[in-house]
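Letter by letter, the chains look like this.
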2 protein chains.
Amino acid sequence: MPFTPALVEQRFVLDQIVRVGDLAANDRFAAASNDVVDAVLEGAGQFAAGEWAPLNRIGDTGGAKWTPDGVNMPDGYVQAYRDYVEGGWGTIGVPEAWGGQGLPFAIQTAVLETLGSANMGLALCPTLTVGAVEALVHHGSQAQQALYLPHLATGEWTGTMNLTEPQAGSDVGALRATASPRDDGTWSIKGTKIYISFGDHDMAPNIVHLVLARTPGSPPGTKGISLFLVPKYRLDADGRPGDFNDVRVVSIEHKMGLHASPTCVLSFGDHDDCVGELIGPEHGGMRAMFTMMNNARLNVGLQGVQVAEAATQQAVAYALDRVQSARTGSASRESVAIVEHPDVRRMLLRMKAQTQAARALVYYAAGQVDRAALGDTAARDRLEVVTPLAKAHATDLGNEVASLGIQVHGGMGYIEETGAAQFFRDARITPIYEGTNGIQAADLVGRKLALSGGEAFASLVADMRRGAEHEDLKALVEACELVGTRLATAGHDDRLAASYPFLTMLSVAVCGWLLEQQGRAAGDDPFGATKRACVDFYLAQIVPEALGLRAAATASADILYRLPAQAFAI
Amino acid sequence: MPFTPALVEQRFVLDQIVRVGDLAANDRFAAASNDVVDAVLEGAGQFAAGEWAPLNRIGDTGGAKWTPDGVNMPDGYVQAYRDYVEGGWGTIGVPEAWGGQGLPFAIQTAVLETLGSANMGLALCPTLTVGAVEALVHHGSQAQQALYLPHLATGEWTGTMNLTEPQAGSDVGALRATASPRDDGTWSIKGTKIYISFGDHDMAPNIVHLVLARTPGSPPGTKGISLFLVPKYRLDADGRPGDFNDVRVVSIEHKMGLHASPTCVLSFGDHDDCVGELIGPEHGGMRAMFTMMNNARLNVGLQGVQVAEAATQQAVAYALDRVQSARTGSASRESVAIVEHPDVRRMLLRMKAQTQAARALVYYAAGQVDRAALGDTAARDRLEVVTPLAKAHATDLGNEVASLGIQVHGGMGYIEETGAAQFFRDARITPIYEGTNGIQAADLVGRKLALSGGEAFASLVADMRRGAEHEDLKALVEACELVGTRLATAGHDDRLAASYPFLTMLSVAVCGWLLEQQGRAAGDDPFGATKRACVDFYLAQIVPEALGLRAAATASADILYRLPAQAFAI
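Residues numbered from 1 in each chain as written. Chains lettered and ligands numbered in written order. Predicted model: local features only at pLDDT ≥ 70, side-chain atom pairs only at ≥ 80, totals over all residues. Heavy atoms only, no water.

Chain A has the name 3-methylmercaptopropionyl-CoA dehydrogenase in an unreviewed UniProt entry, where Sphingomonas aerophila is given as its organism. UniProt's Sequence similarities (unreviewed entry) comment on chain A is quoted here verbatim: "Belongs to the acyl-CoA dehydrogenase family." Its UniProt record, at the heading Catalytic activity (unreviewed entry), says of chain A: "3-(methylsulfanyl)propanoyl-CoA + oxidized [electron-transfer flavoprotein] + H(+) = 3-(methylsulfanyl)acryloyl-CoA + reduced [electron-transfer flavoprotein]". (UniProt positions renumbered as here; feature names shortened; annotations may be inferred.)

Chemist: Even after reading the chapter, I still don't get the overall build of chain A, so can you show me in this structure?
Modeler: Helix and strand content of chain A: 20 helices and 12 strands. Taken over the C-alpha trace, chain A has a radius of gyration of 24 Å; the compact-globule value for 570 residues is 25 Å, and the two agree within 12%. Here the C-alpha coordinates of chain A stretch approximately 85 × 60 × 55 Å along the principal axes. Relative to its 570 residues, chain A shows a buried fraction of 64%. Taking as baseline every contact in chain A between residues at least 6 positions apart, the subset at least 24 positions apart corresponds to 74%. Surface accessibility of chain A: about 18,800 Å² in total, with carbon and sulfur atoms responsible for 52%. The averaged location of the 64 negative side-chain charges in chain A is 6 Å from the averaged location of its 45 positive side-chain charges. (Helix = DSSP H or I, 4+ residues; strand = E, 2+ residues; numbered from the N terminus. Rg over C-alpha atoms; globule rule 2.2 N^0.38 Å. Buried < 20%, exposed > 50% of the residue type's maximum accessible area, 1.4 Å probe, protein only. Contact = heavy atoms within 4.5 Å. Areas by Shrake-Rupley, 256 points an atom, 1.4 Å probe, with all protein chains shown as cover. Lys, Arg positive; Asp, Glu negative; His and termini not counted. Charge placed at Lys NZ, Arg CZ, Asp CG, Glu CD.)

Chemist: When you look at the environment of B:Leu539 in this model, what are you seeing that I'm missing?
Modeler: Positionally, B:Leu539 belongs in helix H18 (residues 526–547). Along the chain, B:Leu539 and B:Trp157 lie 382 residues apart, while their C-alpha atoms are 45 Å from each other.

Chemist: Just to check I follow, could you spell out the relation of the copies chain A and chain B for this structure?
Modeler: One copy of the chain maps onto the other through a rotation about an axis followed by a shift along the same axis. Once chain A is rotated about the relating axis by 180° and shifted along it by 0.0 Å, it coincides with chain B to within an RMSD of 0.0 Å. Such a combination of rotation and displacement between the chain copies is what one expects of a two-fold axis. Across chain A, the rotation axis passes nearest the C-alpha of A:Gly548, at a separation of 2.1 Å. By residue overlap, the copies meet face to face through one surface: 100% of the interface positions of chain A are interface positions in chain B. (Least-squares fit on C-alpha atoms with pLDDT ≥ 70 in both.)

Chemist: Would you mind showing me how to read the UniProt feature "domain: Acyl-CoA dehydrogenase/oxidase C-terminal" (unreviewed entry) in chain A here?
Modeler: Taken from the UniProt record, the annotation "domain: Acyl-CoA dehydrogenase/oxidase C-terminal" (unreviewed entry) applies to residues 284–444 of chain A. Annotated as 73% helix and 0% strand, the span residues 284–444 of chain A places its first and last C-alpha atoms 23 Å apart.

Chemist: Where do I start with the side chain of B:Asn299 in this structure?
Modeler: Structurally, B:Asn299 is set in helix H9 (residues 285–321). When sequence neighbours within four positions are dropped, the list of residues in contact with B:Asn299 reads B:Phe105, B:Leu112, B:Thr127 and B:Val130.

Chemist: Would you explain helix H3 (residues 34–52) of chain B in this entry?
Modeler: Its 19 residues place the ends of H3(B) 26 Å apart at the C-alpha level, agreeing with the 27 Å of an ideal helix rising 1.5 Å per residue. Residues of H3(B) that are buried: B:Val37, B:Val40, B:Leu41, B:Gly43, B:Ala44, B:Gly45, B:Phe47, B:Ala48 and B:Trp52. (Expected span 1.5 Å × (residues − 1).)

Chemist: Hey, could you run me through the interface of chain A and chain B in this one?
Modeler: It is common to report an interface's size as the accessible area lost on association of the parts. Contact with chain A, which involves 89 residues of that partner, is made by 89 residues of chain B. Taking both partners together, chain A and chain B bury about 7,900 Å²; carbon and sulfur atoms supply 62% of that area. Taken together, chain A and chain B are joined by four salt bridges. Between B:Asp536 and A:Arg562 there is a salt bridge whose closest N-O contact spans 2.8 Å. The tally of links between chain A and chain B comes to 48 residue pairs in polar contact (both at pLDDT 80 or more). The greatest single-element share of the side of chain A that touches chain B, amounting to 12 residues, is contributed by helix H18 (residues 526–547) of chain A. Looking at the side of chain A that touches chain B residue by residue, the classes come out as 45 nonpolar, 24 polar and 20 charged. (Buried area = accessible area lost by both parts, 1.4 Å probe. Salt bridge = Lys/Arg side-chain N within 4 Å of Asp/Glu carboxyl O. Polar contact = N/O pair within 3.5 Å; in protein donor to acceptor, adjacent residues only side chain to side chain. Nonpolar A, V, L, I, M, F, W, Y, C, P; charged D, E, K, R; others polar.)

Chemist: Hey, could you run me through the pairing of strand S7 (residues 225–231) of chain A in this one?
Modeler: Looking down a regular strand, the side chains alternate between one sheet face and the other. Residues and elements named next belong to chain A. Burial analysis of S7 places seven of its seven residues in the buried class, the great majority of the element. Because side chains alternate across S7, one face comprises the buried residues Ile-225, Leu-227, Leu-229 and Pro-231, and the other comprises Ser-226, Phe-228 and Val-230, equally buried. Sheet topology note: the strand S6 (residues 207–214)/S7 ladder contains seven bridges and is antiparallel. Looking across to S7, one finds that Leu-212 is bridged to Leu-227. With three bridges joining them, S7 and strand S12 (residues 275–279) adopt antiparallel strand pairing. Bridge assignment links Leu-227 to a residue of S12, and that residue is Ile-279. (Pairing = 2+ DSSP bridges.)

Chemist: Just checking my understanding: could you explain the pattern of salt bridges for this structure?
Modeler: Within the structure shown, the criterion is met by 64 salt bridges over all chains. Taking the shortest distance from any N to any O, the salt bridge between A:Arg234 and A:Asp273 comes out at 3.5 Å. Of this pair, A:Arg234 sits in strand S8 (residues 233–235) while A:Asp273 sits in the loop between strand S11 (263–268) and S12, and the two are 39 residues apart along the sequence. You can call A:Asp273 partly exposed: its relative accessible area is 32%. A salt bridge links B:Lys448 to B:Glu384, with the shortest nitrogen-to-oxygen separation between them at 3.5 Å. Taken as a pair, B:Lys448 in helix H13 (residues 437–448) and B:Glu384 in helix H11 (residues 377–409) lie far apart in primary sequence, 64 residues in all. It is possible to trace a salt-bridge network through shared partners that takes in A:Glu9, A:Glu113, A:Glu309, A:Arg359 and A:Lys531.

Chemist: How do you make sense of the UniProt feature "domain: Acyl-CoA oxidase/dehydrogenase middle" (unreviewed entry) in chain A when you look at a structure like this?
Modeler: Within this structure's numbering, the places UniProt gives as "domain: Acyl-CoA oxidase/dehydrogenase middle" (unreviewed entry) are residues 161–270 of chain A. The span residues 161–270 of chain A shows a helical share of 0% and a strand share of 46%, and its end C-alpha atoms are spaced 19 Å apart.

Following this line, the structure appears as structure tokens:
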């Protein structure tokens, strides 16, 4: 079925939650006038619906393919990506100094949502490029910026993030890739990286790998890690891709979903001829990586929104079309469209409400990125607190909504040709990569509760307390405050044992708070009526569910450690 | 990784929840002595682990294949099925009069769990045969029983259920397949059926299709439906498969999972040469079908247990093996197996507790089948009430546990070779087929709450009230009583709008009640310690979550119908 960009909703959330007008009042974001924002959203919508959405299933069935000469993208993808570059869709959030449009990150977020709802696999490629741009903007030398940023900003070249190695997944500090100094100040890179999304492909003349590696004599763990810029092709004297830089794609993974996105095993320096440049100071790799990773985490949360939106649209269209059974208790024995059956309607309203919740959360976080960029330190703190929520909860919601989407389709949902199954399979990676959702929960209770002496968390709670009107939402905010305060001083085990239920509670509280604001602002038009129905459903049914997590969020870790590890195999 | 049958747990649940000893005290189930039960469970475990489990991934990657001559099973499946027949594993629950072993349905349930944990796709075939046996035992003529049952009882021939047509899914009454009388008292069958699991395959010399169709002049809807026995090959004078009976397999579906199970489109009577026999009276089709379907629903619930058990075993093995990061707060900076990290442990304990909950629920229902067969009318009522819970909630849990299984594996979980993804994909059909879980919820609030004037529900609540000790469990039972009583007299829309959250609440209450019994009965051995940990986790964390559903289960339908259907597309 055709994909329809959620333009009205996007604009509404940008206005009400991001308050993009306030951003545009600053010189830095002066480009974000009402007209420009509308034009960008609409243009991206037309492009995504017209060119990217039709390729979504082809990407799933055909998939990216490994060849000895590199990875080939599925049919149509090379052109679709080229058109994306030429349309300027990669430059939205890039500063004007580097050839970008200088629009707020939140606008880029909305554009990326649309692209990813149309084609999540392909949209992952620009997501990674944006991360590389961020790293270079904040940590690159002037020379690096001048050579690479113009090409990355347009998407002409693409970027990757290289952290993971077989023995170093969540534990980045365990990585072993090495960088040895060369005479000319560059570094010789050696090592194997796994799970590298778009680590190779045939859509761009060059790929810029950002690689974490260890320099000689560096301390163990994360402290000894440095970040390197390693192009697929070294640049010639004119700054054009020249000699092959000894980065070999060994294989691509056979994944459950997201088949259009090649997940590569990359081998650097098999022939001792892989040259990298240090980005930022030696041993400053983790800091630079976090620059990429924080926004990347929001963008993965955004993938939850993408897939939720796409799955909801398809399920709604099916439910409006599929006729089955008379409505129970109705005088008429005529069969009706299944949208008329109460439990189907419950699923659809839940899908819509959860999609809006995920969008509110991720856009809200994106707005903090922009405020932080304007020097608002409170926004920087707020961003830190909501980033793990946006990544983890929005991806959890993407999975829930995609599963409901299958259920609405009944037996058809299990048939691959329908497309609902692809959303479900594609979505399942999002709670895993860019730091598993468990890692996000650990980040929340480990670092974020303590941020700015606890003030970052306290101020979020205070804002929610002031804003919340619905009784259950007030109760949930209060529960979050109590649990959060308790966890802030709890022992490591207790804190981590409760981290995931707490993350969910707090996320629902934030979503409820943001949705309630939207409900108050909604007008009397059809959009407003639908918005209010979704908000009311969220407050009446989903917020109380989160209150049911209080017990788990206040349980001690004892229940988990009472048994020896081997007893789990009993 | 190798599959280990859950023998100790199975035996424990059979003793404590099914109370198989009480069953064996009856002549009908005298065969179910302790020794026999142990031997059957162990033998099935050895067979399933040794012969079926190794084929599980082959079935997923190879899949059943359509050919012009019929469906070919994946490599090794023909022999694996033959060995199942020869081992007598299909005859466990079949009455001795028909060549079976006359053991309780609950024992058959345990055997089928083991087979399905090893290979869910292949185990679906016997599940369907068991349904055909049930239909013939209860509704077949003596001649039909004599001709077909001995071959079906052993599994030498397999059975299918043919309800669904493109326009008749959940609305069975909309079906159009026809049966026209022939001179010899048989019927000429014509029509197309879809979603027919094991509708064709090459593992058996004959396939017995049980087909719902309309006879001439029959009333519309479900009242005009009759059930027909339609073999793939008509029986010759010696009762052996003879002439082809004009049942053509048109295609098989391309499904997200369960690839070893061919899901067929069957065309009956393309050449007007498809002969069927009426089973039971004309227009008695729905009643006969429900005989098959009720047990089939329990067996689908059992698939939830199967996949949960398999996914849990794999995740536990991985978590014991995979070393990553030091434990937070530990004095040692040595990396540990991930089972030592609190949030991984939380996921594993949740997986174990939910698996045990699903098993308790399904086995409990199976025990009611056996008590009902002994003439216990209270058990018949209890069975009716818990059947939708067992089908819907156990399959929901299978999905939840399979998803957690992926999460425990991190990035590895998304790679198909790991196997965790197969469980997740296989599991996703179970909330859909044999009546979607929404249909189960409608059955619960529509028929089961009112059964025996409400006494069937009231007596379950009374039993739980008497048994429950944990405060939250008591509160949940009370909430279920209040909600159930309210829904019993509510309007259709309100009742259906609340049906799914109510089904989940009630299911968790029943599971909590059954698990609490198990916790009290658990001994001081390692199994008992693990059991108590799972029970305590369930009561402390999962029961309170279900209390969070109270709001949704008491909400009116107004919130769902405030918008016109088309507004869902906004």
